[in-house]
Every structure is written in C-alpha cells, then in structure tokens.
There are 2 protein chains.
Amino acid sequence: MAWRRTHNCGELGIENTGEEVVLNGWVDTRRDLGGVIFIDLRDRYGITQIVFNEVDKKLHEKAEQLRTEYVIGIKGVVDKRDDENVNPDLDTGDIEIIVKELEIYSKAETTPFEIKEDIETGEEIRLKYRYLDLRRPDIQQNMILRSDFYQTVRSYYHQHNFVEVETPVLMKSTPEGARDYLVPSRVNAGKFFALPQSPQTYKQLLMVSGFDRYFQIVKCFRDEDLRADRQPEFTQIDVEMSFVNEEDIMESTEQMMTKLMKETIGRDVAPPFERMTYKEAMKTYGTDKPDTRFGLEFADFSELVKDSEFNIFSNTVQEGGAVLGITVPGQGEMGRGAIDRLTERVKEETGAGGLIYIKLNEEDGVKCSVEKFLKEETVDAMVQKAEAEMGDLVLILAGPAPDVYTQMSKLRLMMGKEHNLIDEDAFNFLWVTDFPLVEWSREDQRYHALHHPFTSPKQEDLGKLDDDPTEVRSRAYDLVLNGYEIGGGSIRIHDRELQKRMFELLGIGAEEAQERFGFLLDAFKYGAPPHGGIALGVDRIIMILAGGNSLRDVIAFPKNQKAQSTMDNSPDYVDQEQLDELHIRLKRGVGPEEK
Amino acid sequence: MAWRRTHNCGELGIENTGEEVVLNGWVDTRRDLGGVIFIDLRDRYGITQIVFNEVDKKLHEKAEQLRTEYVIGIKGVVDKRDDENVNPDLDTGDIEIIVKELEIYSKAETTPFEIKEDIETGEEIRLKYRYLDLRRPDIQQNMILRSDFYQTVRSYYHQHNFVEVETPVLMKSTPEGARDYLVPSRVNAGKFFALPQSPQTYKQLLMVSGFDRYFQIVKCFRDEDLRADRQPEFTQIDVEMSFVNEEDIMESTEQMMTKLMKETIGRDVAPPFERMTYKEAMKTYGTDKPDTRFGLEFADFSELVKDSEFNIFSNTVQEGGAVLGITVPGQGEMGRGAIDRLTERVKEETGAGGLIYIKLNEEDGVKCSVEKFLKEETVDAMVQKAEAEMGDLVLILAGPAPDVYTQMSKLRLMMGKEHNLIDEDAFNFLWVTDFPLVEWSREDQRYHALHHPFTSPKQEDLGKLDDDPTEVRSRAYDLVLNGYEIGGGSIRIHDRELQKRMFELLGIGAEEAQERFGFLLDAFKYGAPPHGGIALGVDRIIMILAGGNSLRDVIAFPKNQKAQSTMDNSPDYVDQEQLDELHIRLKRGVGPEEK
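Just so you know, these numbers come straight off a predicted model, no measurement behind them.

(A) Inspection of the confidence of the model for chain A at higher detail. Counting all residues, the mean pLDDT for chain A is 94, and 99% of those residues have values of 70 or more. Both scores are available for the predicted complex, with the pTM at 0.95 and the ipTM at 0.95.

(B) Layout of the side chain of His531(B). Relative to the elements of secondary structure, His531(B) occurs in strand β22 (residues 531–537). In this structure the side chain of His531(B) is engaged in a polar contact, spanning 3.0 Å, whose partner is the side chain of Gln204(B).

(C) The environment of Ala178(A), seen in detail. Residue and element names in this part refer to chain A. Structurally, the position occupied by Ala178 is in the loop between β6 (163–164) and β7 (182–184). When its relative accessible area of 15% is taken as the criterion, Ala178 is described as buried. Sequence separation between Ala178 and Val366 is 188 residues; the distance between their C-alpha atoms is 49 Å. Not counting chain neighbours up to four residues away, the residues in contact with Ala178 comprise Gln197, Arg222 and Glu224.

(D) Fine view of the pattern of salt bridges. Summed over all chains, the structure comprises 96 salt bridges over all chains. Ionic pairing is found between Glu240(A) and Arg492(A), a salt bridge with its closest N-O pair at 2.7 Å. One end of the pair, Glu240(A), is in strand β10 (residues 233–242); the other, Arg492(A), is in the loop between β21 (484–491) and α13 (496–505), with 252 residues separating them in the sequence. Across the pair, Arg492(A) and Glu240(A) agree in class, each one buried. Residue Arg179(B) is joined to Glu581(A) by a salt bridge in which the shortest nitrogen-to-oxygen separation is 2.6 Å. Linking Arg179(B) in the loop between β6 (163–164) and β7 (182–184) with Glu581(A) in helix α16 (residues 576–581), this pair reaches from one chain into another. For Arg179(B), a relative accessible area of 29% gives the class partly exposed.

(E) Summary view of the sheet that holds strand β2 (residues 36–43) of chain B. All names here are of chain B. Read once around its circumference, the closed barrel built from 5 strands follows the order β1-β2-β3-β5-β4, with strand pairing classed as mixed. Strand-to-strand twist across the sheet, computed as the mean angle between neighbouring axes with direction ignored, equals 55°. One ladder, built from 7 bridges, connects strand β1 (residues 20–33) with strand β4 (residues 71–80); its direction is antiparallel. Across the sheet, residue Val22 finds its bridge partner in β4, namely Lys75. Along the sheet, helix α1 (residues 57–64) contacts β1, β2, β3 (46–52) and β5 (95–106); its crossing angle with β5, the most-contacted strand, is approximately 65°.

(F) Structural view of the relation of the copies chain A and chain B. Between chain A and chain B, the superposition needs a rotation of 180° and an axial shift of 0.0 Å, giving an RMSD of 0.1 Å. Both copies are brought into coincidence by an operation consistent with a two-fold rotation axis. Mapped onto chain B, 100% of the interface residues of chain A are again interface residues, and the two copies thus contact each other with one and the same surface.

(G) Quick look at the UniProt feature "binding site: ATP" (unreviewed entry) in chain A. All names here are of chain A. Mapped onto this numbering, the UniProt entry annotates "binding site: ATP" (unreviewed entry) at Arg222, Asp223, Glu224, Gln231, Glu485, Gly537, Val538, Asp539 and Arg540. Not counting residues within four places of it along the chain, the set of residues in contact with Arg222 comprises Ala178, Arg179, Tyr181, Gln197, Arg230, Pro232 and Phe234. Position of Glu485 among the secondary structure elements: in strand β21. Taking relative accessible area as the criterion, Glu485 reaches 35% and is therefore assigned partly exposed. In this structure Glu485 touches Lys289, Asp478, Leu479, Val480 and Arg540, once residues within four positions along its chain are discounted.

(H) Inspection of helix α7 (residues 278–285) of chain B at higher detail. Residues and elements named next belong to chain B. Listing the buried residues of α7 in full gives Tyr278, Ala281, Thr284 and Tyr285. For α7, the angular spread of buried residues about the axis comes to 145°, placing them on one side. α7 presents Lys279 and Lys283 as exposed residues on the side facing more than 90 degrees away from its buried surface. Where the residues of α7 are buried, they touch β11 (274–277), α12 (403–418) and β17 (429–433). Of the residues trailing α7, Gly286 is marked for its positive phi of about 70°.

(I) Structural context of the packing of helix α4 (residues 137–159) of chain A against helix α15 (residues 538–545) of chain A. All names here are of chain A. Relative to each other, α4 and α15 sit at 120°, their axes nearing to 10 Å. Compared by their axis directions, α4 and α15 come out oblique. For the pair α4 and α15, the crossing hand works out as right-handed. Contacts from Leu145, Arg146 and Phe149 of α4 reach α15 at Val538, Asp539, Ile541, Ile542 and Leu545. Of the residues contributing to the contact of α4 with α15, the split by class is 6 nonpolar, no polar and 2 charged.

(J) Structural context of the state of the cysteines. Applying the stated criterion across every chain, the model contains 0 disulfides over all chains. Note on Cys220(A): no disulfide assigned, nearest cysteine sulfur contributed by Cys220(B) at a separation of 17 Å.

(K) Focus on the domain arrangement of chain A. For chain A, the assigned domains read domain 1 (14–106), domain 2 (140–169 + 196–276 + 430–553) and domain 3 (294–422). Between the C-alpha centres of domain 1 of chain A and domain 3 of chain A the distance comes to 63 Å.

(L) The arrangement of the sheet that holds β11(B) in detail. All names here are of chain B. What the 8 strands build is an open sheet, ordered β6-β9-β10-β22-β21-β20-β17-β11; its pairing is mixed. Of all strands in the sheet, those with a lone pairing partner are β6 and β11, marking the two edges. In this sheet, strand β9 (residues 213–221) lies alongside β6 in parallel orientation, the contact comprising 2 bridges. Within the sheet, the bridge partner assigned to Val163 lies in β9 and is Tyr214. Running at roughly 90° to β11, α7 makes contact with β11 and β17 of the sheet. Here helix α15 (residues 538–545) sits on the sheet in contact with β9, β10 (233–242), β20 (476–481), β21 (484–491) and β22, set at roughly 140° to β21.

What counts and what doesn't
Residues numbered from 1 in each chain as written. Chains lettered and ligands numbered in written order. Predicted model: local features only at pLDDT ≥ 70, side-chain atom pairs only at ≥ 80, totals over all residues. Heavy atoms only, no water. pLDDT = per-residue confidence, 0-100. Helix = DSSP H or I, 4+ residues; strand = E, 2+ residues; numbered from the N terminus. Polar contact = N/O pair within 3.5 Å; in protein donor to acceptor, adjacent residues only side chain to side chain. Buried < 20%, exposed > 50% of the residue type's maximum accessible area, 1.4 Å probe, protein only. Contact = heavy atoms within 4.5 Å. Salt bridge = Lys/Arg side-chain N within 4 Å of Asp/Glu carboxyl O. Pairing = 2+ DSSP bridges. Axes fitted to C-alpha atoms, helices over the stretch in contact; angles between N-to-C directions. Least-squares fit on C-alpha atoms with pLDDT ≥ 70 in both. UniProt positions renumbered as here; feature names shortened; annotations may be inferred. Arc of directions from axis to C-beta. Parallel < 35°, antiparallel > 145°, perpendicular 65-115°, else oblique. Left-handed = near helix turned anticlockwise from the far one by under 90°. Nonpolar A, V, L, I, M, F, W, Y, C, P; charged D, E, K, R; others polar. Disulfide = S-S within 2.5 Å. Domains from an automatic or database assignment.

Structure follows, in structure tokens:
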C-alpha cells in the first residue's frame with residue numbers, strides 16, 4: 001500500500017517547519033556524510049532534501065540500502081536548515097526533512113543513462129528507454145508545456161462558441177498527396193479503412209450540418225517516406241467556421257495564438273500578424289515559409305545584368321532564369337580561403353553551380369569576383385540595388401527559376417545562422433496568402449492542388465480557371481513562425497458545380513469524384529454555407545515554444561526515423577492466425593520466415 | 001463572399017428594436033401570407049423570423065425563390081412584433097427582421113427526411129445522410145453536450161495537476177481479450193502496427209517516468225464481433241495516478257463525475273457513491289453492473305428448499321445450483337394467461353427452463369404454481385424470505401449457477417421496465433469492488449484475467465495465488481451508472497516479480513511475456529511507483545446524460561452494426577497498387593473481382 005503523501009517534493013518551505021509530513025518520490029542523489037545520510041528526493045514537482053541521522057539505528061541501516069532511482073515513501077518532520085546549508089537553487093532549499101519512517105516501494109538497477117538535463121546519450125538509446133528519458137526534467141517539462149498548451153487552445157475555442165467534435169479515425173481511403181495508412185476490416189472481407197491524413201471532409205460536413213464553428217485537437221496520419229522531421233502520426237488543431245471570409249479565420253487564429261504565447265510561455269505577441277503574398281515571399285525570400293527574424297532579403301539583379309557581357313548572367317536571364325543577391329552585413333573582409341570554402345559548401349548544400357560575390361572593404365574598395373566580365377557601372381548598380389555598404393559582402397547566385405530562388409533561400413538561412421543574424425529570442429509570425437490554386441506536375445502530366453482540392457479559387461480569378469489555371473490564386477493562407485510552416489487553411493468551395501469543376505481540373509473524372517468524394521458533393525446539394533478553416537501543427541508549435549529542434553522531444557512516445565518504436569518493438573510481425581482473420585496474406589518474400 | 005453576421009439567429013430581442021443587423025442561416029420554414037413572406041431562419045443558436053414585404057419588388061421576387069434548407073444571408077432592421085404575433089416558444093419571439101437585402105449562398109434540394117426532432121425515419125437512411133441528421137436539433141444538442149462534457153472533464157483533471165499526455169495510436173499488437181485492428185507498415189515490410197484497445201501500458205510507463213498524474217480523453221479500438229451497442233472506435237477518459245490506493249482514485253473519480261453532472265446537465269449527485277462487492281452484487285442482482293434505481297433484489301431460497309420433495313428444487317441445490325426469487329410489488333393479481341405469456345418470454349429472453357411463481361392476493365391468498373409439491377410451511381418461508389406482501393407476485397427460477405443468476409438478472413430488468421419500477425429521472429452511481437483476480441476458462445483450459453494482466457491482487461489474498469487463484473480478489477473496481485458499466489480500473493502491479501508471476505498464472509510463458517510486455521517488465525527494473533487508475537467510457541456516459549439509448553446518437557459519425565459507414569462507403573476495396581506497397585495481398589476468394 002502506498003502512503004498517502006501530505007505534500008509533493010516541490011512545495012515545503014520554512015513556513016512548514018515542525019510539521020509532520022509524508023513524501024513519496026525517487027532517490028535523485030544520495031550522500032553519506034559521516035553517518036548522516038542526505039537524500040535528494042525527487043518527483044515531478046521538485047526536489048526535497050531528506051535526512052537520515054543515526055538516532056534510529058534500524059532506520060539508518062534501511063536507508064543505507066538506498067540507491068539512485070529507488071522509489072520510496074518517508075514520514076518525517078520538516079526542519080529549518082542552518083543558514084550555511086540553505087540551497088538557493090531549490091524551491092525547498094530552506095528546509096530538510098528529518099526522516100522517522102521509510103518505506104521502499106521499488107528498488108532500481110543502474111539506469112542506462114543519467115536522469116538529468118542535457119545528457120550526451122544518443123537518441124537511439126534514449127528512445128529505447130523512453131520511460132527513463134521521460135524522467136529527465138527537460139523532456140518532462142516539454143510534456144507539461146504540451147499539456148498546458150492543450151488546455152489553453154481548447155479554452156480559447158470553447159469560450160468562442162466552437163463545438164468540439166470527434167471525427168472518425170477509421171475512415172475511407174482517399175489517396176491524394178501523401179499515402180494513407182490502411183486498416184483491413186475483419187467483418188468486411190477484402191475491404192479497408194484508412195487512417196485520416198486530416199479530418200478535412202468531416203469538418204466540411206459539420207459545416208453543412210450547421211455546427212457553425214468546429215474545433216478539435218486531433219491525431220492525423222501520413223505514411224510518408226521519412227524525412228528528418230516527420231512522424232507517421234502527428235497532432236493538429238483543426239478548425240472550421242461557417243459564414244466567414246479569410247479575415248475572420250486569420251483574426252480568430254491570431255487571438256488564439258496570442259493567448260497561447262502568453263499563457264504557456266509568458267510571451268506577448270501583438271496581432272495582427274505580418275502578411276505577405278506568396279509571390280512576394282518567393283521573390284524576397286525564395287520560400288513560402290520565410291524566417292523573418294532576420295533580413296538578407298533578395299536583391300534581384302536580373303534586369304541590371306540581362307544584357308551584360310558576362311554570359312552566365314545574360315544567358316541565365318534570357319533563358320528565363322534570375323540573378324539574385326543577398327547582402328551579408330560586416331563580412332566584407334572575408335578572405336579568399338574562407339570564400340572558397342563557402343563556395344564549396346554552397347554548391348554542396350544548395351545545389352547551386354557556383355557563387356559570385358562583391359566584397360566591400362576599406363582596403364580593396366568594391367571588389368567583385370567576376371569584375372573582369374562586368375562593367376564597373378554594373379557592379380555599382382548591383383551594390384546599390386543590394387543596399388550594400390562598406391564592410392558588407394554581397395553573395396550572388398545565377399540560375400534557372402525556380403531553382404535559384406530555393407538555392408538562395410538556403411544560402412540566406414546559412415548566412416543568417418552562421419553570422420548570428422537571427423534573433424533567437426524572437427517569435428515572428430507571418431501569414432502567407434494568395435497561393436496559386438494549382439501547379440503543373442511535369443511528372444504526372446496534370447495539375448496538382450497546391451493545398452487540397454477543396455480550396456476555393458479567388459472570385460476575381462475564376463475567369464482564368466479554364467485557360468490559365470496556374471494564374472488562378474486560391475483563398476488559402478499559411479501561418480509561418482520563425483521559418484516553420486505551423487499551419488495552413490483556406491476558404492473552401494461550398495458550391496457543388498465549382499467543386500466538380502475543380503475535380504475535373506485536377507484530372508479526377510466525374511465517376512472517380514463521385515466514388516471518392518460523392519458524400520461531400522451530395523452534401524452540397526442540401527444547402528451548404530460558405531465556410532473555411534485552418535489546421536495548425538501542434539507538435540511543431542510546441543517544439544518552437546519549447547525552444548527545441550526535434551519533434552521527438554515534444555512527443556511522449558515518438559517513432560524513430562524508420563517509423564519504428566524501438567521501446568516496444570513496433571511495428572512487428574503478427575501471427576498468421578491474425579492475418580487469416582483479416583483476409584490478407586503477406587506477399588511472397590516478406591515475413592518472419594524470410595528473416 | 002459571406003456577409004459577416006452581426007448576430008446569430010438565437011440572440012436578438014426587444015432591446016434590439018430598430019437596429020440594422022446581418023444574419024446568416026438556413027431557411028427552416030417559409031410562409032407566404034398574401035404577398036408577405038415569412039421565413040424562420042435557423043442556425044445552431046436558434047431561430048429568428050425574417051419578413052419580406054412587398055415594398056421592394058425585386059427583393060420580394062428573389063425571396064419567392066427561397067425554399068426549405070436554402071442557405072442565405074440577410075441585412076435588415078429589427079422590428080418589434082405586434083402583441084398578437086409574439087411567439088413565446090422562441091427566444092427571439094418578440095421580434096422579427098424586416099429584410100432589406102438578401103443573398104442566396106446555396107440552394108437546396110428536398111432533403112430525404114425532415115430536419116426536425118423525433119422523426120420516424122429509419123436509422124439506415126439517417127446514417128447514410130448523417131450530415132443532414134446532424135442538422136436535427138436533438139442530435140445537434142447531443143454533440144454540444146458532448147463538447148461541454150470534454151471541457152468539464154479536462155478542466156477538472158487539469159485543475160488537479162494531472163498532465164494530459166497523448167499516447168500513440170500506432171502501437172504494438174498485444175492480442176488479449178478483444179481483437180486488435182492491425183495497420184500494415186509500408187517501410188517495415190511484413191510488419192504491423194496495432195491500434196490501441198487502451199493506452200494501458202503507456203499510462204503505466206508514464207507513472208514509471210514520474211508523471212505522477214496522467215489523463216487523456218482518447219480514442220480506442222476493438223475489432224469485436226458486433227453487438228447491439230458497440231462501436232469499433234470508442235472514446236475513453238483515461239486516468240492514472242502514482243502513490244495511490246483505491247480510495248484516492250475512487251474519490252477523484254467521484255469528484256470529477258459530480259462536477260460533470262452539475263456542469264453539463266445541472267444535476268446534483270452526492271459523493272461518496274454507493275459501494276458493493278462483486279460477490280454481493282452477484283448474489284443480490286445476478287450481475288456485476290446492477291441497475292440500483294429499483295429494488296427487486298434476489299431472495300435466495302436454496303437453503304429453504306434444498307431438502308424439498310420437489311425434485312426440481314432439491315436436485316438443483318444439491319447439484320450446486322440455486323433457487324432464486326424476486327418480489328414484484330402489486331402484481332399478485334396477474335391472471336393465468338398473462339403468467340403463461342410471461343413464462344414463454346422468460347424462457348425465450350433469459351434462457352431459463354421455466355418460471356415458478358407465488359401469487360399473493362385477497363381472492364386466492366398465497367398461491368404457488370407448484371404448491372402440490374411443496375409443504376405449506378416451505379411456501380410461507382419463501383414468502384417471508386422474499387418479503388412479499390399481499391398483492392405481490394414472487395417469481396422464481398431454479399437452475400445451475402451462474403446461469404440462474406444471469407437469468408434472474410434479466411427477469412429482474414424485464415419486470416423493472418414493464419411495471420415502471422425504474423426511476424427514469426435518477427442517476428444511481430455504484431462502485432463494484434473486490435472482483436476475482438482471474439476466472440477459469442473451460443474453453444481455453446487456462447485462467448483469464450477478469451480485468452487485465454496488470455491488475456494487482458489484494459495483498460491479503462497473495463497466499464492463495466498458487467493454490468486457489470480464483471479465490472484471490474483483485475484491487476479492481478468498476479463504476480456503474482443506472483445498470484451500465486461506465487468505467488473500470490484498478491491498482492496495478494508495480495513489482496516485476498509479481499507481474500511475472502501473474503503472466504505465468506495466465507499461461508503467458510516467460511519468453512512470450514518478454515516478447516509482448518518486455519518493455520513494461522524492463523521499466524519496472526528502474527524504480528516503479530505504486531500506481532493505479534481508471535478508464536471511463538465517454539460515449540456511454542454521454543448517452544446516459546443525454547437520456548438516449550443508442551451510442552450512435554452521441555457520436556458524430558458512427559459506424560453501423562456491420563462496422564460500416566454507409567455515408568462515405570467505408571471500409572471499401574482499395575487499389576492493388578496500395579496493397580503492393582504495403583507488402584500484402586488479399587486471400588484468395590476475397591476482393592472486388594469476386595463480387
């Protein structure tokens with residue numbers, strides 16, 4: 001039987017002196033000072049020092065057995081520490097407990113790594129023993145932050161009349177974009193459910209049902225090829241509203257995020273958030289999720305150099321490419337060796353063919369790496385366009401679009417990080433708007449929806465839908481925080497005919513559309529309100545709030561980069577009997593016998 | 001573009017008279033009274049009457065197009081209704097809106113059933129058009145109740161320092177009891193994840209990690225053969241606490257439920273809830289989830305009749321069976337025909353071999369259906385034991401245990417309902433405790449855990465674990481509300497050796513235990529606190545709070561009794577390509593070609 005504690009390990013203070021208390025917790029550290037045993041007793045609330053003196057021999061002997069990570073209960077009396085022993089680093093540092101009784105609930109072997117912050121242990125071993133990793137204060141604090149996060153988000157939406165609705169996890173497979181996880185049905189032989197990539201269609205149906213405002217914090221699933229920062233299951237804040245325009249959703253999202261920043265990490269951010277069109281973001285930062293915590297905006301030299309005698313420039317521009325520059329402040333003195341090394345890295349990490357530069361320093365004046373091919377006035381015009389000043393370094397890439405934008409975007413980030421241009425303490429929110437509705441896929445020889453097929457085109461661009469679809473802007477918006485896309489949404493199509501036209505444009509034939517999305521098209525027959533919404537990535541937002549850089553540090557039991565949980569060894573082979581019941585077999589060459 | 005509404009359809013009143021307003025909503029009803037068109041405009045907040053008079057011809061013509069379920073926006077002016085037109089049934093019944101502008105967002109075909117409460121439409125058609133069914137006020141109110149329910153539950157646990165942690169949906173398959181849903185892994189060929197039947201092992205690991213108090217409202221999955229009131233995916237409130245005993249968890253659950261009853265449906269319930277041991281529940285009600293809103297407790301006549309000359313009684317008792325009775329008040333006048341019909345129904349619905357009775361009425365005195373085989377004093381003793389009074393009817397079943405208890409339990413419920421003995425307005429909570437740890441399965445020829453293999457035996461019964469395991473009581477408890485099991489939990493095993501012993505007792509060998517639950521056994525090596533918890537069935541609780549009798553009425557998008565969603569036709573066949581990627585094939589004779 002566990003002793004019912006009177007206090008946790010983080011709350012006793014000088015005002016409790018003399019009280020009889022019961023504490024439970026883990027042995028964090030143990031010191032034996034000439035017969036008196038001091039133990040730091042730990043629970044998730046804090047640490048309290050407990051003391052076994054030699055008055056009670058039997059108790060002292062029992063205490064001698066104690067080792068790190070033993071779980072114990074103690075009864076004792078709160079004692080004020082002597083002034084010289086006060087520990088200002090501990091909330092409970094003014095007191096200690098003189099132990100009268102000890103109960104050992106559980107012994108502990110030596111843990112495979114230390115239970116403390118900032119350990120060097122590799123992630124592989126940490127994930128294998130995740131239950132111990134979760135004992136470490138930094139990971140534990142991330143989880144508590146996450147718990148607070150949930151409550152704040154939900155309280156915002158609940159207060160604003162959003163109805164929380166649980167949508168199904170076992171749903172229809174509608175492959176589009178990422179791959180579905182499938183679930184074979186036992187009672188419907190040969191048929192499969194899919195796990196939701198998002199509850200998109202359900203939340204739209206809820207609008208058709210008149211729920212007006214819906215939210216849910218919900219698990220979603222994507223069976224993607226694994227990249228550094230992806231998890232097969234992830235969590236999103238899912239929101240949908242009826243009778244709204246873009247402004248309403250952005251405003252509500254800003255209010256929610258502002259409350260969230262304040263209540264979880266005590267930060268003030270001021271809505272409205274900055275906004276930028278997709279075009280402007282691409283032109284200025286080469287990405288639709290720019291990190292606006294620092295400058296290094298692109299200067300476009302294409303117009304200046306299109307007739308230059310330097311073929312690399314002029315040919316690039318004439319073939320539809322671009323010549324772009326960024327100005328790195330204070331790096332005008334960079335030496336030849338450093339620039340060469342940078343050039344190599346740029347080639348390797350961005351895929352650019354080469355790096356051109358203009359250095360501005362007192363010694364050399366304005367020095368361009370290809371000055372023998374360029375008129376001096378051209379170089380001067382470039383310097384002016386780049387707003388470079390004495391002491392700065394202008395880095396230039398030339399190449400076909402859109403590649404050169406992506407390359408320059410990477411170079412910009414590289415320079416931002418390397419020269420400490422990023423205000424690590426800042427939280428820069430940015431709305432990116434006016435996305436193209438569709439893009440042409442050379443690979444599939446058809447149009448893809450940039451967001452998803454339910455996104456509404458802009459009314460004023462509807463005329464171009466047939467003849468020039470890539471010029472049609474959508475009513476979509478992404479929310480970017482510090483260079484991470486943390487959310488995206490749109491005003492949806494609520495008109496059956498427009499939705500059908502959209503499916504057609506995406507190469508989804510009438511029959512296929514009915515087969516896959518018939519229920520939504522049917523629903524639009526019976527009175528659908530204008531509606532729109534947003535989905536925000538919970539894992540990523542918490543990662544940023546926690547100041548971390550791995551999603552795995554803010555998920556209690558994450559998968560590794562092979563989509564495996566090494567702790568419980570999943571996924572794993574299953575019995576043939578289980579497969580038989582599900583009416584499936586493994587393909588030849590696959591399975592435990594082939595190990 | 002949607003008009004930004006100034007108000008919803010449930011909030012305007014006399015104090016708004018003269019204001020210009022914008023409303024959006026659905027056309028609920030439409031009346032054309034000599035040229036003036038009245039429309040009840042509906043949204044989820046209420047109904048407001050809007051009026052199109054003939055002043056503006058064009059507007060009036062547009063309004064003539066309107067039909068039920070059209071979605072519209074209007075701009076107009078709030079007008080006080082004449083006294084004789086005030087509608088006291090509507091919150092907005094004092095006013096109407098004189099419309100100045102009309103926007104039709106969406107037209108509507110005739111819906112397959114009416115959008116109103118208490119329709120006669122069969123469930124099949126309602127589920128097919130669930131998005132319309134969800135428009136009906138009664139279902140919509142259930143969903144709003146559900147949303148409030150979530151917030152109340154979470155606010156309780158959050159206020160009491162529980163950390164909300166999301167546990168994985170893609171986990172290891174550990175078949176035990178119900179069947180797992182499996183999810184084939186694409187990147188780990190031939191291997192499968194399982195969907196959680198409960199996050200049991202994860203929440204125990206969180207206790208080992210020191211989270212101290214955990215909660216989550218979480219989806220769980222069971223691929224069971226379908227019974228009337230089951231869903232393949234269901235939601236539970238999942239709770240775990242460290243350093244606690246049964247009392248702590250029961251107390252915290254009672255506090256939460258009390259808050260919940262008050263805040264969602266305004267009902268006061270008074271903790272502590274009634275308690276009853278498993279043995280007592282079985283003896284008194286023949287079930288471990290008795291509906292205690294009415295009496296009809298069992299009288300056990302076995303001792304009285306064990307030596308009776310009536311063989312059916314004496315043989316039954318001598319063979320270890322029981323003779324049980326219940327006293328139905330005021331039914332002592334039941335006629336022969338009615339009793340014969342009842343007997344037939346009892347045989348059919350409970351499986352009992354026959355029904356014996358004692359009627360007590362003024363005309364016949366005490367009349368037993370088998371009195372020729374029984375001594376008068378025996379009948380009198382039975383009447384006394386059953387506490388039957390003049391005017392009552394004692395119904396008696398005899399048979400082997402435990403079947404006769406189950407049969408009598410069904411008969412008790414039948415009588416309770418039929419004779420209106422159940423207080424439909426009551427909410428009777430009951431803890432059932434002291435469950436057996438294991439039961440012997442004749443079918444499998446091994447012991448089964450009555451709850452699950454992680455349930456702790458009672459300390460004082462540990463001695464019987466080897467020799468008499470079915471006599472060992474566990475530290476489990478179920479929470480019962482009005483005859484429904486709404487939750488269950490236990491103090492868990494936190495000792496590695498005891499857990500191993502438990503696996504052994506359940507016929508899970510050391511190797512298999514390590515294979516399936518090795519991570520938990522390993523975790524117990526490194527300092528595990530005493531811990532326990534509970535899981536509560538969200539769907540069922542809300543069903544009871546909503547006064548309904550189908551889980552499907554409190555789940556937004558439920559599956560039907562074949563585990564299908566007819567709305568979106570899931571589960572469904574998938575492309576061969578998708579199966580190929582997942583390294584699986586359908587078994588021969590299964591699949592779309594074989595249709």
